[in-house]
Amino acid sequence: MGRLENKVAVITGAASGMGLAAVELFVKEGAKVVATDIAFTQLEAEVAKIDGEILALELDVTSEEQWKNVADRTIEQYGKIDILVNNAGVSTHNTLLEETLEGWNKVLTLNLTSVWLGMKSVIPHMQNSGKGSIVNCVSLAAIIGSADNGAAAYSAAKGGVRALSKHASVNFAKDNIRVNCVYPGAILTGAAKRHGVTSQEVLGQAFKNTIPLPPHAGEANDIAQAYLYLASDESKFVTGEELVVDGGWSAV
Ligand SMILES: NC(=O)c1ccc[n+]([C@@H]2O[C@H](COP(=O)([O-])OP(=O)(O)OC[C@H]3O[C@@H](n4cnc5c(N)ncnc54)[C@H](O)[C@@H]3O)[C@@H](O)[C@H]2O)c1
């Protein structure tokens, strides 16, 4: 029996990187997965390669209307939502002095408001079924000032996700809804690939003096495994928690 047998999971940012790795792992563990992304053509192409029960839906996580559509379609198709993984996010590298007001608002909307909208759309359905597990993707940038090239707005947004998750974990514990966070360190995903880093070895070379554990950089599945633990009933007494997956970066 899989670790997510009979569970219905909604995953955002599922066309690439950690989100896609989570889709693969969750279906392998028996979940029915609603895979969502703004890049819908890419999403459809990627999930077509995976065996399992997957419903692919277009979702821009900054759109309240599209969130409602995803929640409604999931309920229509599967009757419940057990798991929400708020994985979608994009980092930018502007320092505090370089950032513009427009850029700041865009980064906050994409990385923080999106997580609030996701929880607002899904929690009522979890309350109806009397349980749920929400996993929010944060970043070391929320706890270490020098992580992610000092990206000001991104660090602030991820810090907001951390605080919002703690808030939600306390407020919805009475409904048996758990809210936890995963903090990735340097992980080879679409984000690194867009910056020309195409192998874990090359990314590891860049972090050799920062991340003590070889190969000094993680892969998408390292994060998917953390999502899996927090999504599954194995963590049924864990809420408001922070699971750092960073090869020891934050321990130095
Ligand atoms: N890669 C790292 O080293 C690292 C480190 C810390 C945190 N993170 C976080 O991990 C999460 C996953 O990122 P990744 O590294 O797998 O990146 P990725 O670029 O491989 O995947 C991100 C996905 O999000 C989607 N997306 C972008 N904007 C969207 C929107 N408005 N609505 C819906 N989907 C949207 C993209 O289409 C893409 O499929 C993000 O929250 C990111 O901030 C990544």
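What counts and what doesn't
- Residues numbered from 1 in each chain as written.
- Predicted model: local features only at pLDDT ≥ 70, side-chain atom pairs only at ≥ 80, totals over all residues.
- Heavy atoms only, no water.
- UniProt positions renumbered as here; feature names shortened; annotations may be inferred.
- Near = heavy atom within 4 Å.
- Polar contact = N/O pair within 3.5 Å; in protein donor to acceptor, adjacent residues only side chain to side chain.
- Areas by Shrake-Rupley, 256 points an atom, 1.4 Å probe, with all protein chains shown as cover.
- Helix = DSSP H or I, 4+ residues; strand = E, 2+ residues; numbered from the N terminus.
- Nonpolar A, V, L, I, M, F, W, Y, C, P; charged D, E, K, R; others polar.
- Buried < 20%, exposed > 50% of the residue type's maximum accessible area, 1.4 Å probe, protein only.
- Pairing = 2+ DSSP bridges.
- Right-handed = clockwise from strand over helix to strand, strands pointing away.

- The chain is annotated in an unreviewed UniProt entry as Glucose 1-dehydrogenase from Robertmurraya kyonggiensis.
- Quoted verbatim from the Sequence similarities (unreviewed entry) heading of the UniProt record, the comment on the chain is "Belongs to the short-chain dehydrogenases/reductases (SDR) family."

**Focus: the site of the ligand**
Here is step 1: The local shell around the ligand holds 29 residues, among which Ser-16, Asp-37, Asn-87, Tyr-154 and Thr-189 are the closest.
Here is step 2: Residue Gly-17 places a main-chain N or O atom 3.5 Å away from an oxygen atom belonging to the ligand.
Here is step 3: Measuring from an oxygen atom of the ligand, one finds a backbone N or O atom of Gly-190 at 2.9 Å.
Here is step 4: A total of 830 Å² of accessible area belongs to the ligand in isolation, and the protein chains cover 90% of it.
Here is step 5: Elements with a minimum of two residues in the shell around the ligand: α1 (17–28), α5 (152–171) and α6 (190–194).
Here is step 6: Per-element tally for the shell around the ligand: the top contributor is α6, with three residues.
Here is step 7: Here the shell around the ligand is composed, by residue class, of 16 nonpolar, nine polar and four charged.

**Quick word on the pairing of strand β2 (residues 32–37)**
Here is step 1: For β2, the tally of buried residues reaches five of six residues, placing the bulk of the element in the interior.
Here is step 2: Pairing geometry for strand β1 (residues 8–11) and β2, over four bridges, is parallel. Residue pairing in the sheet places Val-8 in a bridge with Lys-32 of β2.
Here is step 3: Once you follow β1 into α1 and on to β2, the crossover reads as right-handed.
Here is step 4: Here β2 pairs with strand β3 (residues 54–58) via five bridges, running parallel. Within β3, the position partnered with Ala-35 by the bridge is Ala-56.

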